[in-house]
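Secondary and tertiary structure notes
One letter stands for each residue in the lines below.
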Amino acid sequence: DQQVKQNSPSLSVQEGRISILNCDYTNSMFDYFLWYKKYPAEGPTFLISISSIKDKNEDGRFTVFLNKSAKHLSLHIVPSQPGDSAVYFCAVKRGAQKLVFGQGTRLTINP
Amino acid sequence: DSGVTQTPKHLITATGQRVTLRCSPRSGDLSVYWYQQSLDQGLQFLIQYYNGEERAKGNILERFSAQQFPDLHSELNLSSLELGDSALYFCASSVTLAGGSYNEQFFGPGTRLTVL
């Protein structure tokens, strides 16, 4: 029973272009949504988040979009840089309950 | 550096054995979480402790147990190990139980467990 799905295991993008990572969830009761970034041999690091009362949150080159009717979350990175190459996990939560993570998408930025 | 430390970094052991993974949370963080990441899998939540008490349980096997000590460090004990237990085990910490509107968790670098 996967409550959070990242359907693309990998994504390859040219440096300077936009990277779009997607995440779908099943439970409309989730009220907070996060993206984590993970480099090899390191733990995940928090990147950006959005609450269910918003549909967009921006932080520098990173923007998270939330489409509640479609139960869809996306992360846009523009412009993409080589240092953005990593595995990206989306995570969702409901109230005080635990975070539920997706399987991750490996993003590769090509020079 | 997240401020969360985990030891050891790597652990190689045999089936049937028992191991203990250790986690020290960030200074001031009361909540500790344990996650398992198997090959090509997402992060599977195992268990959460808050100020020494178990608060939430996820997909944790009965062969696994954890505790949080008065100094807030935590240990994850894995026993009767099987090949399928080979994975990365992450510890994370956060300030509060739920973190208000969001619960930013800071992750340690993980312990890679290999069961042969």
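Structure: above.
These numbers were taken from a predicted model, which means no experiment stands behind them. (Residues numbered from 1 in each chain as written. Chains lettered and ligands numbered in written order. Predicted model: local features only at pLDDT ≥ 70, side-chain atom pairs only at ≥ 80, totals over all residues. Heavy atoms only, no water.)

**Quick notes on the sheet that holds strand β8 (residues 74-78) of chain B**
Residue and element names in this part refer to chain B. A sheet is described by the order of its strands in space; here four strands give the open sequence β1-β3-β8-β7, paired in antiparallel fashion. The outermost strands of the open sheet, each flanked by one partner alone, are β1 (5-7) and β7 (64-68). Taken over all neighbouring pairs, the strand axes of this sheet differ in orientation by 15° on average, direction set aside. Relative to strand β3 (residues 19-24), β1 runs antiparallel, the two sharing three bridges. Bridge pairing in β3 places Q6 opposite C23. (Pairing = 2+ DSSP bridges. Helix = DSSP H or I, 4+ residues; strand = E, 2+ residues; numbered from the N terminus. Axes fitted to C-alpha atoms, helices over the stretch in contact; angles between N-to-C directions.)

**Overview of the sheet that holds strand β6 (residues 56-59) of chain A**
Residues and elements named next belong to chain A. What the five strands build is an open sheet, ordered β1-β3-β8-β7-β6; its pairing is antiparallel. Either end of the sheet is taken by a strand with one partner, and the two such strands are β1 (4-5) and β6. Pairing analysis gives six bridges linking strand β3 (residues 19-25) to strand β8 (residues 72-77), with the strands arranged antiparallel. For L21, the partnering residue across the bridge sits in β8 and is L75.

**Some thoughts on the nonpolar core**
Considering soluble globular proteins, one finds that nonpolar side chains tend to be buried as a cluster. Judged by nonpolar contacts, the single largest core of 24 residues is most densely connected at F33, W35, L73, L75 and Y88 of chain A. When residues of this core are traced back to their parent elements, those giving at least two are β3, β4 (32-38), β5 (45-51), β7 (62-67), β8, β9 (86-93) and β11 (105-110) of chain A. Examining the composition of this core, we find that four residues originate from one element, β9 of chain A, more than from any other. Counting residues in each nonpolar core, the second largest holds 20 residues, with V4, L21, L78 and Y89 of chain B among its members. (Core = buried A, V, L, I, M, F, W, Y, C linked by side-chain atoms within 4.5 Å. Buried < 20%, exposed > 50% of the residue type's maximum accessible area, 1.4 Å probe, protein only.)

**Remarks on the pairing of strand β4 (residues 31-37) of chain B**
All names here are of chain B. Counting buried residues in β4 gives seven out of seven residues, a clear majority hidden from the surface. Taking every second residue as pointing to the same face, both faces of β4 are buried, with S31, Y33, Y35 and Q37 on one and V32, W34 and Q36 on the other. Bridging between β4 and strand β5 (residues 44-50) involves six bridges; their strand directions are antiparallel. Paired with Q36 across the strands is Q44, a residue of β5. Bridging between β4 and strand β9 (residues 87-94) involves seven bridges; their strand directions are antiparallel. Looking across to β9, one finds that Y33 is bridged to A92.

**Some thoughts on the state of the cysteines**
Residue and element names in this part refer to chain A. Enumeration according to the criterion identifies two disulfides over all chains in this entry. Disulfide pairing places C23 opposite C90 at an S-S distance of 2.0 Å. In this structure the cystine formed by C23 and C90 twists about its S-S bond by roughly 65°; its chirality is therefore right-handed. Pair noted here: C23 is in strand β3 and C90 is in strand β9, with a separation of 67 residues, a long-range link. (Disulfide = S-S within 2.5 Å.)

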